[in-house]
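# Examination of the molecular architecture
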Amino acid sequence: MSRLIVVSNRVSAPSDPAAGSAGGLAMALSAALRKYDGLWFGWSGETCETFTGELKTEDRAGVTVGLVDLEAQDVDEYYNGYANKTLWPLFHHRVDLTAYERSYGEGYERVNRRFAEVLAPLIQSEDLIWIHDYHMIPLAKELRRLGVRNRMGFFLHTPWPARQLLVTLPFHRRLVESLFDYDLIGFHTEEWKELLADYVVAEAGGRRLDAERLEAFDRTTRLGVFPIGIDVEGFIAARESTLGRRTYDRMAASSAFRSMLVGVDRLDYSKGLEQRLEGYEQFLRDNPDRRGQVFLLQVTPLSRDDVDTYQDIRGRLDALAGRINGEFADMDWQPIRYLNRTYRRDQLAGIYRAAKVGLVTPLRDGMNLVAKEFVAAQDPEDPGVLILSRFAGAAAELKDALIVNPYAREELSDAIKTALAMPREERMRRWEGLMQAVRASDVGLWRDRFVTALKG
Ligand code: ADQ
């Protein structure tokens, strides 16, 4: 059997799978690799004085990881710069937040070259190489330059941007051209896939050979749709574990006679957190009789706190949650519990299960795993209701959710009202459809489908 070499910016395989981490990619890849012989390669998260390319390997819960340190300038330009201040906002339709600095682009290419130089000597002839996310787009090009001929696949965890936005990026053509060094490019949805094909045809003079294959820059590559999911059985086990049950009991006791709405998201402007709080505020305004009967638990660990746009949104959310609580709270009731912390998987499962409503309302999201976790955690006999943004990739599969436009405050308010009043029969019917979709995209299936297509 060929080995699988997985590459991503951060290698965050938790030593204890139940401990979890606040990132979709980390959770998915550590679950996917546990059953495979291979290596997970990436940045250690540490800095060094001068880049040496020294590789540190470790075993983490059965996954072999290979880590390299980067220089502080690399982290500034490649990670905080090009990845977090340029590509992330651009790929999430936020041209207003996108930084167009030449030094960031240079740092991005330099780091990808460095990763390739460390990785190339480790690759054996039968290995399959699977590279993840927008941090690493040029990695295949750099590996090919060093003579690596193995099959290489790329998977994008974020949306692909519309052509009209992508062309605002200097050297956009060069970025897309480097995708043609992969044998296979995977997306979560048909929509993201079609947006790349549209760019290639309209902007790069390429053509479609068939539904999957694209030709441009004198090369061909294949595109595919591989919706990611969660480790369904693992999540159900977390829900049924002692800590999962204990957390559920604790939440159920603390919300006695009240209905809990829950939101769980990294602190990120793409997750629509301000719009969510405003929609909830609108609900409290529209339904005075519901005040005191509901509360929103919003669990939001900080992320990318070195980047100023993230500090800005953090300040705005603190203020907004404070203002809504100040306006509506009573001596024995607070409408929002807003926490900046992470929980273990089993605790999260217990929290989701205790909620009557799950609010997953990103403004743009590649997939969104929280939506799937919320579904998997529910009690089949008395499930909560999922309110889901139409702009999450997950909306393409989770059609039995209440689908909303998160920009429209009143629509969110109406959806909360509908969810809280939904009869049990309808909740059970919707949940069954949702759970079927969650099972159909289990993370193990996602991995197998991609790897099979890559071998193809
Ligand atoms: P993310 O943007 O990180 O992932 P998401 O898919 O929702 O978003 O995954 C977040 C993960 O972090 C979930 O597993 C969640 O449980 C966990 N998490 C969040 N807050 C937590 C908390 N407070 N405590 C513990 N765990 C927490 C990116 C893309 C997504 C895509 C994934 C996978 O942006 O669109 O779905 O990668 O491809």
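These numbers were taken from a predicted model, which means no experiment stands behind them. (Residues numbered from 1 in each chain as written. Predicted model: local features only at pLDDT ≥ 70, side-chain atom pairs only at ≥ 80, totals over all residues.)

## Description of the overall build of the chain
Assigned secondary structure in the chain consists of 16 helices and 16 strands. Here the chain has a C-alpha radius of gyration of 22 Å; the compact-globule value for 456 residues is 23 Å, and the two agree. When its C-alpha atoms are laid out on the principal axes, the chain stretches across 70 × 50 × 45 Å. (Helix = DSSP H or I, 4+ residues; strand = E, 2+ residues; numbered from the N terminus. Rg over C-alpha atoms; globule rule 2.2 N^0.38 Å.)

## What to know about helix H15 (residues 424-440)
Taking 1.5 Å as the rise per residue, H15 with 17 residues should run 24 Å; its terminal C-alpha atoms sit 24 Å apart, in good agreement. Residues of H15 that are buried make contact with helix H8 (232-240), helix H13 (369-377) and strand E15 (385-389). (Expected span 1.5 Å × (residues − 1). Contact = placed C-beta atoms within 7 Å.)

## Brief notes about helix H3 (residues 102-119)
An ideal rise of 1.5 Å per residue puts 26 Å on 18 residues; H3 measures up with 26 Å between its terminal C-alpha atoms. If you check which residues of H3 are buried, you get Tyr104, Gly105, Gly107, Tyr108, Val111, Asn112, Phe115, Ala116 and Leu119. Residues of H3 that are buried sit in contact with strand E1 (4-10), strand E2 (38-48), strand E4 (63-71), helix H2 (72-91) and helix H4 (139-145). (Buried ≥ 20, exposed ≤ 12 C-beta atoms within 10 Å, placed from the backbone.)

## As for the sheet that holds strand E16 (residues 402-404)
Strands sit in the order E13-E12-E11-E14-E15-E16 across an open sheet of six strands; the sheet is parallel. With one partner strand each, in any of the chains shown, strand E13 (336-339) and E16 form the two edges of the open sheet. Ignoring which end each strand starts from, the neighbouring axes of this sheet average 20 degrees apart. Inspection of the sheet shows E15 paired to E16 by three bridges, in the parallel sense. Looking at E16, one finds that Ser389 is bridged to Val404. Sitting on the sheet, helix H14 (residues 409-421) touches strand E11 (259-264), strand E12 (294-299), strand E14 (357-360), E15 and E16, and the angle it makes with E16 is about 170 degrees. (Pairing = 2+ DSSP bridges. Axes fitted to C-alpha atoms, helices over the stretch in contact; angles between N-to-C directions.)

## Thoughts on the sheet that holds E4
The strand order across the open sheet built from 10 strands is E3-E4-E2-E1-E5-E6-E7-E10-E9-E8, with neighbouring strands paired in mixed fashion. In the strand order of this sheet, the two ends are held by strand E3 (56-60) and strand E8 (207-208), each with one partner. Bridge analysis of strand E9 (residues 213-216) against strand E10 (residues 219-225) gives four bridges, and the strand direction is antiparallel. The partner of Glu215 across the bridge, within E10, is Thr220.

## Points about the pairing of E11
For E11, the buried fraction is high: five of the six residues fall into the buried class. Examined bridge by bridge, E11 and E12 share six bridges and lie parallel to one another. Following the sheet pairing, Gly263 is matched in E12 by Gln298. Regarding topology, helix H10 (residues 273-286) serves as the crossover connection from E11 to the parallel E12, and that connection is right-handed. (Right-handed = clockwise from strand over helix to strand, strands pointing away.)

## Thoughts on the packing of H13 against H15
Across the interface, H13 lies against H15 with an axial gap of 9 Å and an inter-helix angle of 120 degrees. Between H13 and H15, the angle falls in the class oblique. For the crossing formed where H13 meets H15, the hand is left-handed. Each of Lys372, Val375 and Ala376 in H13 lies in contact with H15, whose residues at this interface are Trp431, Leu434, Met435 and Val438. Split into classes, the residues belonging to the contact of H13 with H15 amount to six nonpolar, no polar and one charged. (Parallel < 35°, antiparallel > 145°, perpendicular 65-115°, else oblique. Left-handed = near helix turned anticlockwise from the far one by under 90°. Nonpolar A, V, L, I, M, F, W, Y, C, P; charged D, E, K, R; others polar.)

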